[in-house]
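In case you want the letters, here they are:
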Amino acid sequence: MLNKIKLWKKENNSSELRDRIEQIKKLPVPDHVAIIMDGNGRWAKKRALPRIAGHHEGMKVVRKTTKLANELGIKVLTLYAFSTENWKRPKSEVDYLMKLPEEFLGTFLPELMKENVQVRMMGYREELPIHTRRAIEKAIEDTKENDGLILNFALNYGSRAEIIDAVKHILNDCKSGILNEKSLDEHSFSSYLMTSQLADPDLLIRTSGEIRLSNFMLWQLAYTEFWFTDILWPDFKGEHLLEAIEIFQNRQRRFGGI
Ligand code: IPE
Ligand code: IPE
Ligand code: MG
């Protein structure tokens, strides 16, 4: 009996979720959603588990979030998975984090293929361990013809380094005559960033209650709508993504106009 009630509740909830998804899809959804997935360590601490248990749980949430984003018709989902500053963490934690892309893609790549997801990565690849890099590069190669959701992992990504590199590249191109200094504008500057192929995020989500950017997409977020939540990343559910999008749909973006 109890099981029947549980099942009924589950089915009922998911039909509520379905309705909510259908409502959301009637209005424009953000094309590009970026998420700072924070709070894995605190999630684990609350359960007296090692921090890596939080990262593992967080990986499962990546899968579910990707699926829902795809279903909602979001075009790009950028996920901040490892910052250029995260190397400061204990080696054992960094080693574990560097194994997660292999585990994630090893398990879910067939599913991503089936769902027509295209995997991409932005960040400094050369500094990643070879096993991490191989897993990512295989996924990028295998999914390159897919034209559904772009799942863009920010891995060993740092926005200040990205901007400095763009400036260096621009100076070089000016010196060698590829670029005329006078033609440098916001549009051409953007083409030197790691996001050159992508539109700027429309919506930024950060979990875990921290209200900061932590060196994430400083240039690209100039006119992005922000949504912060206290939910820790491993506890982030479909309903939270829906809530963020509903709030986004009720915001008025002015881009400096009236
Ligand atoms: C986010 O969770 C994942 C990464 C930064 C890799 P954290 O590991 O930062 O979790 P907290 O902030 O310590 O709870
Ligand atoms: C930002 O989270 C980086 C990622 C989510 C990958 P952090 O946990 O590293 O950020 P700070 O240190 O709290 O600013
Ligand atoms: Mg954190």
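Above this text you will find the structure in question.
## Focus: the site of ligand 2
Argument step 1. For ligand 2, the full set of nearby residues is I36, M37, D38, Y80, A81, F82, N86, R89, R206, R212 and S214.
Argument step 2. Taking N86, its side chain carries an N or O atom lying 2.9 Å from an oxygen atom of ligand 2.
Argument step 3. Here ligand 2 has 390 Å² of accessible area as a free molecule, and 78% of this is covered by the chains.
Argument step 4. Sort the elements by how many residues they give to the shell around ligand 2 and strand β2 (residues 76-83) lands first, with three residues.

## Side note on the packing of aromatic side chains
Argument step 1. Across all of its chains, the model carries 10 aromatic pairs by this definition.
Argument step 2. Ring plane angle 70° and centroid distance 4.9 Å describe the contact between F82 and W87, whose orientation is recorded as edge-to-face.
Argument step 3. Assessed through its relative accessible area of 32%, W87 is described here as partly exposed.
Argument step 4. On the numbers, 5.9 Å between centres and 75° between planes, the contact of F104 with F153 is edge-to-face.

## Some details on the nonpolar core
Argument step 1. With 47 residues, the main nonpolar core has L72, F104 and I205 as its most contacted residues.
Argument step 2. Per-element tally for this core: the top contributor is helix α4 (residues 91-114), with 10 residues.
Argument step 3. Apart from the residues within four sequence positions on either side, I205 is in contact with V33, A34, I35, I36, W227, F236, L241 and A244.
Argument step 4. Ranked by size, the runner-up nonpolar core spans 10 residues in total, among them A34, I36, A154 and L204.

## Notes on the site of ligand 1
Argument step 1. Neighbouring ligand 1 are M37, D38, G39, N40, G41, R42, R51, H55, A81, N86, R89 and L97.
Argument step 2. Residue G39 places a main-chain N or O atom 3.3 Å away from an oxygen atom belonging to ligand 1.
Argument step 3. Residue G41 places a main-chain N or O atom 2.9 Å away from an oxygen atom belonging to ligand 1.
Argument step 4. Coverage of ligand 1 by the protein chains reaches 87% of its 380 Å² of free accessible surface.
Argument step 5. At the level of secondary structure, the elements contributing two or more residues to the shell around ligand 1 comprise α2 (40-46) and α3 (51-72).
Argument step 6. Considering each element in turn, the shell around ligand 1 owes the most residues, three residues, to α2.
Argument step 7. Among the residues making up the shell around ligand 1, the classes are represented as three nonpolar, five polar and four charged.

## A word on the environment of D200
Argument step 1. Turning to its location among the elements, D200 is positioned in the loop between α7 (186-190) and β5 (203-206).
Argument step 2. For D200, a relative accessible area of 40% gives the class partly exposed.
Argument step 3. Separated by 23 residues in the primary sequence, D200 and Y223 have C-alpha atoms spaced 8.3 Å apart.
Argument step 4. D200 has contacts with H32 and Q220, leaving out every residue within four places of it along the chain.

Reading the values: the criteria
Residues numbered from 1 in each chain as written. Chains lettered and ligands numbered in written order. Predicted model: local features only at pLDDT ≥ 70, side-chain atom pairs only at ≥ 80, totals over all residues. Heavy atoms only, no water. Near = heavy atom within 4 Å. Polar contact = N/O pair within 3.5 Å; in protein donor to acceptor, adjacent residues only side chain to side chain. Areas by Shrake-Rupley, 256 points an atom, 1.4 Å probe, with all protein chains shown as cover. Helix = DSSP H or I, 4+ residues; strand = E, 2+ residues; numbered from the N terminus. Phe/Tyr/Trp six-rings, centres within 6.5 Å; stacked < 30°, edge-to-face > 60°. Buried < 20%, exposed > 50% of the residue type's maximum accessible area, 1.4 Å probe, protein only. Core = buried A, V, L, I, M, F, W, Y, C linked by side-chain atoms within 4.5 Å. Contact = heavy atoms within 4.5 Å. Nonpolar A, V, L, I, M, F, W, Y, C, P; charged D, E, K, R; others polar.

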